Amino acid sequence: METIDLSVLVAVYNAEKYLEQCLDSLIDQSVVRMEIIIVNDRSTDRSNQILKKYEKSFKYIKIINKKKNEGTLLTRLDGMFQAVGRYVAFIDGDDTYQPQSLHNVLGVALEKKVDILEFEYRMIDTENKDVSNSSMGQNIVSDNTLIEGKKQCFDLLDRLEVPLFKRLYSKRLCRKVIDYFMHFIDYRDRFQGMLNEDEFLTPLFFSNARSYCCIGQKVYNYRFLRYGSITHKISTNCERKVRAGEEYMYICMNLSDEFERKGLINKKEYFKYNIKVGFFMKFELVC
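Keep in mind that this is a model prediction, so the values were computed, not measured.

Novice: I would appreciate a short explanation of the overall build of the chain in the present structure.
Specialist: If you tally the helices and strands in the chain, you get 10 helices and 11 strands. Each of the 287 residues in the chain was classed as buried or not, and the buried ones make up 53%. Taking as baseline every contact in the chain between residues at least 6 positions apart, the subset at least 24 positions apart corresponds to 80%. Carbon and sulfur atoms make up 49% of the accessible area of the chain, which amounts to about 13,800 Å² in all.

Structural data, given as structure tokens:
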């Protein structure tokens, strides 16, 4: 079986207006050993018809049509279950990649053998024009900085942006994240419809990472505040966002207590978490 270097996971929900732009940007990449896994979260528009057309034309595209709408977090997990690539990338069905950009960042990740490779992104509006006067998308860590060590990688969370889409993740990390959710028998009910899934998943990736590197290349085109998108919903529902984040932190803390009781902490790369309560709640790695 041919080795797949990169699995690109596309989360799709009612993205018919931009979906072809998204898929064309992937097809135009020059990564030779790449698979595209598209998870359709029960779209009610023409997204499914568009996906069928692409599936017939390109053998390396795999489409998963979910039986019910469950939200982006579970949609991303469904894609991760199927991914076999040495690295995994995440993209939403209304965003795009810069031409030939994935080949470059994948090459860096494979050369340095890092768990997480971070890059920059452009913010665009509904007309594909740059969103001006924004400082988002700029890496805080210096270009080509290599960071090694589990605690050192976790500590980066205080300095970096949360979005999943601005990084490549090793297959090993994806297995660890999936393993985390498998400890919840009711994980599909527990996390169904959860907003701001990046705040849930990014700490899990970084808490298990052994190495990290960033490069200054703009790779991803992020469509900002499309009506009906996750970003739009979060911006109009801050209270739910805060509540979801707090629930995530408590879940991690309670689960790590369970791992400690079973003697798994520091034996199978499970970690002890704690919450510092002050003016802001802070999530920290204890050991």
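Novice: What is the right way to look at the packing of aromatic side chains in this model?
Specialist: One pass over the structure, following the stated rule, counts 13 aromatic pairs. Ring centres of phenylalanine 90 and tyrosine 169 lie 5.7 Å apart, and the angle between their planes is 65°; on these two criteria the pair is classed as edge-to-face. Of this pair, phenylalanine 90 sits in strand S4 (residues 87–92) while tyrosine 169 is found in strand S8 (residues 167–170), placing the two residues 79 residues apart along the sequence. Of the two residues examined, phenylalanine 90 and tyrosine 169, each falls in the buried class. Measuring from centroid to centroid gives 6.0 Å for phenylalanine 206 and tyrosine 212, while their planes differ by 45°, and the two rings are tilted. For phenylalanine 206, a relative accessible area of 0% translates into the label buried. Note on tyrosine 212: relative accessible area 0%, which makes it buried. Among the aromatic residues, those joined into a cluster by ring pairs are Tyr97, Tyr121, Phe165, Tyr220 and Tyr222.

Novice: Just to check I follow, could you spell out the confidence of the model for the chain for this structure?
Specialist: Caution is warranted with low-pLDDT regions, since their predicted coordinates should not be read in detail. Taken over all residues, the pLDDT of the chain has a mean of 82, while the share at 70 or more is 75%. Looking across the chain, the model is least confident in helix H9 (residues 230–235), with a mean pLDDT of 43, and most confident in S8, with 98. Here residues 230–238 is modelled with pLDDT under 50, and outside its nearest four sequence neighbours on either side it reaches 17 contacts, counting other chains as well. Counting contacts from residues 277–283, a segment whose pLDDT is below 50, to residues more than four positions away or on other chains yields 16 contacts.

Novice: Even after reading the chapter, I still don't get the pattern of salt bridges, so can you show me in this structure?
Specialist: Two side chains with opposite charge may pair up if their charged atoms get near one another. Scanning the model with the defined rule gives 17 salt bridges in all. Between lysine 166 and glutamate 161 there is a salt bridge, with its nearest N and O atoms 3.3 Å apart. Of the residues examined, lysine 166 reaches a relative accessible area of 1% and is grouped as buried.

Novice: For this particular structure, what's the right way to read empty space enclosed by the protein?
Specialist: The probe, sized like a water molecule, is rolled over the atoms to show the empty space still left. Applying the stated rule across the entire model yields 2 cavities of 30 Å³ or more. What the second largest cavity holds in volume is close to 30 Å³. What lines the second largest cavity is Leu9, Val10, Ala11, Ile37, Val39, Thr75, Arg76 and Gly79. Of all elements in the fold, only strand S1 (6–12), strand S2 (34–40) and helix H3 (72–82) reach the threshold of two or more residues within the lining of the second largest cavity. Looking at the lining of the second largest cavity residue by residue, the classes come out as 5 nonpolar, 2 polar and 1 charged.

Novice: What should I look at first to understand the nonpolar core in this one?
Specialist: It is characteristic of soluble globular proteins that their nonpolar side chains tend to be buried jointly. Counting 40 residues, the largest nonpolar core has Leu6, Val8, Leu102, Leu117 and Leu168 as its most contacted members. One finds Val39, Phe90, Ile147 and Leu160 within the second-largest nonpolar core, a separate group that totals 37 residues.

Novice: I tried to follow helix H8 (residues 197–208) on my own but got confused; where do I start?
Specialist: An α-helical turn contains 3.6 residues, so a residue and the one three or four places further along point in the same direction. If you check H8, its first and last C-alpha atoms are 17 Å apart, about what 12 residues at 1.5 Å a residue would give, namely 16 Å. Among the 12 residues in H8, 11 count as buried, and that is most of the element. Buried within H8 are the following residues: Glu197, Asp198, Phe200, Leu201, Thr202, Pro203, Leu204, Phe205, Phe206, Ser207 and Asn208.

Quick notes on the rules
- Residues numbered from 1 in each chain as written.
- Predicted model: local features only at pLDDT ≥ 70, side-chain atom pairs only at ≥ 80, totals over all residues.
- Heavy atoms only, no water.
- Helix = DSSP H or I, 4+ residues; strand = E, 2+ residues; numbered from the N terminus.
- Buried < 20%, exposed > 50% of the residue type's maximum accessible area, 1.4 Å probe, protein only.
- Contact = heavy atoms within 4.5 Å.
- Areas by Shrake-Rupley, 256 points an atom, 1.4 Å probe, with all protein chains shown as cover.
- Phe/Tyr/Trp six-rings, centres within 6.5 Å; stacked < 30°, edge-to-face > 60°.
- pLDDT = per-residue confidence, 0-100.
- Salt bridge = Lys/Arg side-chain N within 4 Å of Asp/Glu carboxyl O.
- 1 Å grid on protein atoms, 1.4 Å probe; cavity = no way out; pocket = protein on both sides within 12 Å on 5 of 7 lines; lining within 4 Å.
- Points joined across faces, edges and corners; volume = space filled by probe spheres on them.
- Nonpolar A, V, L, I, M, F, W, Y, C, P; charged D, E, K, R; others polar.
- Core = buried A, V, L, I, M, F, W, Y, C linked by side-chain atoms within 4.5 Å.
- Expected span 1.5 Å × (residues − 1).

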